[in-house]
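Residue-level structure breakdown
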Amino acid sequence: MSYLLLLGVADHALANSLRAQLSELPDIQIGGVERSSGDVVGALADEDAVDVVMVHEDLGPLPALELVRDIALRYPHIAVILLAGDPTPQTFTAAMEAGARGVLPAQPSLDELQTRIVTAGEWSRSMRRHFDASFAGPLPGRGGTLIALAGAKGGTGTTMLAVHLALAATAARRTVCLVDMDLQGGDLPSYLDVTHRRTVVDLVDVADDLNPTVLADTLFVHPAGPHVLLAPAEGERGEDVTARATRQILGSLRSRYDVVIADCGSHVSEGSAMAVEMADRVVMTVTPDLPALRAAKRLGKLWTRLQVRKEDDLVVVLTRHSRHNEIQPDFARKILGLPLLRTTVPAAFRALEGSVNTGTPLSVADEGFRRAIGQLAVEIGAVTPPGVAPAATAGGRRGRRVRGESGQASVETLSLAPWLLLILVFVWQVVLIGMGAVVAAHAANEGASRAAVGDPPAEVTEAALARIPAPWNDRASVHYGCGGGVCGDRVVVEIGVPVVLPGVVYAPWPIETEAKVVHEL
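Here the structure is a predicted model, which is why all the values come from computation and not from measurement.

Quick word on the pairing of strand β11 (residues 281–286)
- Judged by how many residues are buried, β11 sits mostly within the fold: five of six residues are covered.
- Pairing geometry for strand β6 (residues 145–151) and β11, over five bridges, is parallel. Following the sheet pairing, alanine 150 is matched in β11 by methionine 284.
- Summarising the sheet, β11 and strand β12 (residues 315–321) pair through four bridges and their orientation is parallel. Directly across from threonine 285, in β12, lies its bridge partner valine 317.
- In terms of handedness, the path from β11 via helix α11 (residues 290–305) over to β12 forms a crossover that is right-handed.

Some thoughts on the sheet that holds strand β5 (residues 102–105)
- The parallel open sheet is built from five strands, whose spatial order is β2-β1-β3-β4-β5. Whereas interior strands pair on both sides, the edge strands pair on one side only; in this sheet they are β2 (28–34) and β5. Neighbour to neighbour, the strand axes of the sheet diverge by 25 degrees on average, direction disregarded.
- Across six bridges, strand β1 (residues 3–8) lies against β2 in parallel orientation. Across the sheet, leucine 5 pairs through a bridge with isoleucine 30, a residue of β2.
- Across the face of the sheet, helix α1 (residues 12–22) comes into contact with β1, β2, β3 (52–56) and β4 (79–84) while running at roughly 170 degrees to β2.

Re the sheet that holds β6
- Sheet architecture is open: eight strands sit in the order β8-β9-β7-β10-β6-β11-β12-β13, paired in mixed fashion. Among the strands making up the open sheet, the edge pair consists of β8 (220–221) and β13 (340–346).
- Strand direction decides the pairing type here: β6 and strand β10 (residues 259–263), joined by five bridges, are parallel. Across the sheet, residue alanine 148 finds its bridge partner in β10, namely alanine 262.
- Across the sheet, α11 lies against β6 and β11, angled at about 150 degrees from β11, the strand it touches most.

Some details on the pattern of salt bridges
- Applying the stated criterion across every chain, the model contains eleven salt bridges.
- In this structure, the salt-bridge partner of aspartate 217 is arginine 197, at a minimum N-O distance of 3.9 Å. Of this pair, aspartate 217 sits in helix α8 (residues 212–218) while arginine 197 sits in the loop between α7 (188–192) and α8, and the two are 20 residues apart along the sequence.
- Residue arginine 197 is classed as exposed on the basis of its relative accessible area, which comes to 62%.

Comments concerning the side chain of glutamine 429
- Inspection of the secondary structure puts glutamine 429 in helix α15 (residues 393–452).
- Not counting chain neighbours up to four residues away, the residues in contact with glutamine 429 comprise Val497, Pro498, Val499 and Val500.

Quick notes on helix α4 (residues 89–98)
- Among the residues of α4, those classed as buried are Thr91, Ala95 and Ala98. The buried residues of α4 all sit within an arc of 60 degrees when viewed along its axis, so they share a single face. Counted as exposed and oriented over 90 degrees from the buried face of α4: Pro89, Gln90 and Glu97.
- Next to the buried residues of α4 lie α3 (64–74), β4 and β5.
- Downstream of α4 by a residue or two, glycine 99 has a phi angle that is positive, lying close to 115 degrees.

Topic: helix α2 (residues 37–46)
- Among all positions in α2, only Ser37, Val40, Val41, Ala43 and Leu44 are buried. Buried residues along α2 cover an arc of 160 degrees about the axis, so they all sit on one side. Turned more than 90 degrees off the buried face of α2, the exposed positions are Ala45 and Asp46.
- The elements touched by buried residues of α2 are β1, β2, β3 and α3.

Cut-offs used in this document
Residues numbered from 1 in each chain as written. Predicted model: local features only at pLDDT ≥ 70, side-chain atom pairs only at ≥ 80, totals over all residues. Heavy atoms only, no water. Buried < 20%, exposed > 50% of the residue type's maximum accessible area, 1.4 Å probe, protein only. Helix = DSSP H or I, 4+ residues; strand = E, 2+ residues; numbered from the N terminus. Pairing = 2+ DSSP bridges. Right-handed = clockwise from strand over helix to strand, strands pointing away. Axes fitted to C-alpha atoms, helices over the stretch in contact; angles between N-to-C directions. Contact = heavy atoms within 4.5 Å. Salt bridge = Lys/Arg side-chain N within 4 Å of Asp/Glu carboxyl O. Arc of directions from axis to C-beta.

Geometric descriptors of this kind do not, in isolation, establish any biological role.
What follows is the structure, encoded as structure tokens:
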């Protein structure tokens, strides 16, 4: 789970130093660095997803404590941390009285930043729930989603699924940590082509005091995005990972990542049992054969006897599925007596063989397999369905940003309305002029036709005017013979040009059309 931080620091060197430190903390996002108290207040007005504001005591022009007090009054759900050059008890007291949630030295350590910001961020989320009923962020201290995958027996594709689910969640822009809890036979390095000297065993002794520095040194960052915590290379060292250490390690990872995927393998150990007990969702992998289905039933009953997980609190996914298999999903559901996921993973042996041998899971090109992984990730909660705002922290902000962006789009549309109206008026005026020209041409042709058969000028004029419909005939005139400046064998028709509303306003210049008279012998 990540928190959005706004920095208010006037000194460029100090701001750059803090940015460098904060960039090492995966659960802290910097929303911006403001150089004055006015900029801080303006940034808070524009961004309603800020969790923590860090203000330096030398920030001006408004004194830092006054700014803290102002933020506490305007935004009571936002936590403020004061950066003080000399954090004395008097400074701490004054900051608390102003409404700050903590005081840090101007040059804090990485651990101090992590602890203070996370504590303040959790407080901010709790307060936001009271002030905003629509806030859908996770409960403080809980963090992201922990998904445990376990195999009914060896060879059911548990590790393969764990790897591809982690990649799918990463592709959906979620922070992901893949943990190998198959402590005696875990082989994630082969699937990901990873070489790393640190494993989960290295965290056991420091499990009571985990910090970002220790985790960053232990986790391997895969080029595709997910962070990976490996199992020990020596299987016997897996016994060192106790249930208590597992709880602390997974709890720390859960508070820092949107999704934590634990590959628990097919053997029950103290550590893997704790992972299954802690998980928000437990997925058991089985293949469509009777030995695997019977093993799944035995494993479910074992977890129940050990009080690790009840049978109705886990789900089963069918791997290596094919329509040619003798055992289909409906039959497997009857045999298992356990909840079976709708999504099945197809038997893509040929497509997966090359990726496993080369350690490049992204090279799998089988569309059926990739589609099944995507659907499975959504069904077990590793990926948020399209069109649904994620429940994680980033998703809470994203939901607010969607609403903010839609409001901004409405404002921009309103600002364009006058220009759109002006364009429509111009187009309508052009249409009116064109219609006037057509009407005048028809009237002139009618007058010329009557003149050609020898009708007198009065009848010619009357016939031409009769062809002009209302409201064009309000300011229409017809000239034939010698009169009105016209002399010769032609009929001239003039029509007033209406402006926007025909019959109401007319332009000072008329439309003039003439037709030549060809006398019939």
